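The lines below spell out each chain.
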Amino acid sequence: MFGEHVHVGYYPEGWPESKHKKTWQQAQLDHVDAVLEFAGVNKANRLLDLGCGYGGTAVHIAERLKCKAVGVNISPFQVQAANNLARRLSFGEKEVYFVVGDALQPDLPDGCADLVVSVESAAYMPCKEKFVAQLARLCAPGGTVILVDFCRAAGPISASLQQRLASMDSIFATPGNWHSAEQYKQLMGKCGLQVVRDGDWTRNVCGFWNVGLWSLLLRASQPDMSFGQWYKEFNKRAFHTLWLFLTGGPAVLKMAAGYMLGHQKAVVQGGLDSGVLEYHVIVAKKPGK
């Protein structure tokens, strides 16, 4: 449904100023590029994407930085799709690959990557402390850790705003222990990381949810596609969406139903508009080199 990138898109002018200025998929690619630029990362030897989804982010970064990459995901279905994507793009099995694993205890050695990223994975982790500790452990000395995610607003939250976060949990199967950007940064500090930048991108991503299912399927196309190419791409996107619904289990079915009925849009936009939900890009360095 989302394609290879299971994350929001980036709109540098904010919303609604950026409306209709780019395709949904282009906004997702721009998001990855903007994250790298914000972090000041223009080279890496080895990337680790912890909670890699369908591999789109890791593959795009590997292409851009000409680096090796490994992704970890708890879903065998998504890992298979990610490896298929890497092979389709001619990456060798030792250059870019993805493995099934628990992000809270991945079977990877200390300091295995000089660039460690987590894009919209932290919110799903039942223990944020263990997750951030893994990000720090897996990063090589002198390397960079980038955490990108939805966060709760800092400070006390009213009962009505807390209910908005509970609605997010109901739709996305997040565990309910929402952290603020400040809390993530504190956890990073406790793990020996030095936070160097924190960007509030709430305004730059809020328009991503302003799209319906049919528009999403249609936006799988590119402006320069012929009708035949568009029709083929449309059918592929529709098939992948149906397959996701049928194989994803109750949680995915519930999420899909909410999306088609417009409930997800209302909940996410409501959280962003109310101020209880923010979107941050946090960049940290690991000392030692």
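The following refers to the structure shown. These numbers were taken from a predicted model, which means no experiment stands behind them.

The rules behind the values
- Residues numbered from 1 in each chain as written.
- Predicted model: local features only at pLDDT ≥ 70, side-chain atom pairs only at ≥ 80, totals over all residues.
- Heavy atoms only, no water.
- Core = buried A, V, L, I, M, F, W, Y, C linked by side-chain atoms within 4.5 Å.
- Buried < 20%, exposed > 50% of the residue type's maximum accessible area, 1.4 Å probe, protein only.
- Helix = DSSP H or I, 4+ residues; strand = E, 2+ residues; numbered from the N terminus.
- Contact = heavy atoms within 4.5 Å.
- Pairing = 2+ DSSP bridges.
- 1 Å grid on protein atoms, 1.4 Å probe; cavity = no way out; pocket = protein on both sides within 12 Å on 5 of 7 lines; lining within 4 Å.
- Points joined across faces, edges and corners; volume = space filled by probe spheres on them.
- Nonpolar A, V, L, I, M, F, W, Y, C, P; charged D, E, K, R; others polar.
- Salt bridge = Lys/Arg side-chain N within 4 Å of Asp/Glu carboxyl O.
- Axes fitted to C-alpha atoms, helices over the stretch in contact; angles between N-to-C directions.
- Parallel < 35°, antiparallel > 145°, perpendicular 65-115°, else oblique.
- Left-handed = near helix turned anticlockwise from the far one by under 90°.
- Phe/Tyr/Trp six-rings, centres within 6.5 Å; stacked < 30°, edge-to-face > 60°.
- Lys NZ or Arg CZ within 6 Å of the ring centre and 35° of its normal.

## Some details on the nonpolar core
F98, L115, I146 and W201 are the most contacted members of the largest nonpolar core, which totals 53 residues. Ranked by the residues each element gives to this core, the list is headed by helix α1 (residues 24-39), at eight residues. With residues up to four places along the chain from it excluded, the contact list for L115 reads L36, V41, A44, R46, L47, L48, I61, L65, T144 and I146. Counting residues in hydrophobic clusters, the runner-up holds 28 residues, among them L50, V116, L138 and C151.

## Examining the pairing of strand β7 (residues 277-285)
Moving residue by residue along a regular strand, the side chains alternate between the two faces of the sheet. The buried fraction of β7 is high, at eight of nine residues. Relative to β7, strand β5 (residues 139-152) runs antiparallel, the two sharing nine bridges. Bridging from a neighbouring strand, T144 pairs with K285 of β7. Here strand β6 (residues 194-200) pairs with β7 via six bridges, running antiparallel. Counted as the bridge partner of Q194 is K285 from β7.

## What about helix α2 (residues 56-65)?
Most of α2 sits inside the fold, with eight of its 10 residues counted as buried. Taken as a whole, α2 has its buried residues at G56, T57, A58, V59, H60, I61, A62 and L65. Buried-residue contacts for α2 involve α1, β1 (46-50), β2 (68-73), α3 (76-88), β3 (96-100) and β4 (113-119). Once α2 finishes, K66 follows within two positions and takes phi at roughly 55°, a positive value.

## A closer look at unusual backbone geometry
Backbone geometry at S90 places phi at a positive 70°, although glycine is not the residue there. Relative to the helices and strands, S90 is located in the loop between α3 and β3. Looking at S90, the relative accessible area reads 65%, which means it is exposed. Positive phi, close to 60°, is recorded for A173, a residue that is not glycine.

## Quick look at empty space enclosed by the protein
Counted by the stated rule, this structure contains one cavity of 30 Å³ or more. Size it by volume and the largest cavity reaches roughly 70 Å³. Lining the largest cavity, in full, are H31, V32, V35, L36, T57, I61, V117, V119, I146 and V148. For the lining of the largest cavity, the secondary-structure elements that each account for two or more residues are α1, α2, β4 and β5. Sort the elements by how many residues they give to the lining of the largest cavity and α1 lands first, with four residues. Looking at the lining of the largest cavity residue by residue, the classes come out as eight nonpolar, two polar and no charged.

## Some details on the pattern of salt bridges
Scanning the model with the defined rule gives five salt bridges in all. Of the charged contacts, one joins E37 and R64 as a salt bridge, the two residues approaching to 3.5 Å between their closest N and O atoms. Residue E37 is located in helix α1, and its partner R64 is located in helix α2; the two are separated by 27 residues in the primary sequence. In this structure E37 comes out as exposed when scored by relative accessible area, which is 53%. For R64, a relative accessible area of 34% translates into the label partly exposed. The salt bridge involving D110 is made with R137; its shortest N-O contact spans 2.6 Å. Linking D110 in the loop between β3 and β4 with R137 in helix α4 (residues 128-138), this pair joins segments that are 27 residues apart in sequence. Look at D110 and you get exposed, because its relative accessible area is 56%.

## A closer look at the packing of α4 against helix α6 (residues 181-190)
Where α4 meets α6, the axes come as close as 9 Å, and the angle between the chain directions of the two elements is 55°. The pairing of α4 with α6 is recorded here as oblique in orientation. Note on packing geometry: the crossing formed by α4 with α6 is right-handed. Packed against α4, whose contacting residues are K128, E129 and V132, the element α6 presents Y184, L187 and M188 at the interface. The residue makeup of the contact of α4 with α6, split by class, is four nonpolar, no polar and two charged.

## Some words on the packing of aromatic side chains
Tallied over the entire structure, the rule returns four aromatic pairs. Judged by centre distance (6.2 Å) and plane angle (90°), the ring pair of Y54 and F77 falls under edge-to-face. Placement of the pair is Y54 in the loop between β1 and α2 and F77 in helix α3, with a sequence separation of 23 residues. For Y54, a relative accessible area of 14% corresponds to the buried category. Ring centres of F150 and Y279 lie 4.8 Å apart, and the angle between their planes is 75°; on these two criteria the pair is classed as edge-to-face. Of the two residues, F150 is situated in strand β5 and Y279 in strand β7; the sequence distance between them amounts to 129 residues. Of the aromatic side chains, those joined through ring pairs into one cluster are Y10, F38 and W201. The ring of F38 has R197 lying over it, and the distance from NZ or CZ to the ring centre is 3.8 Å.

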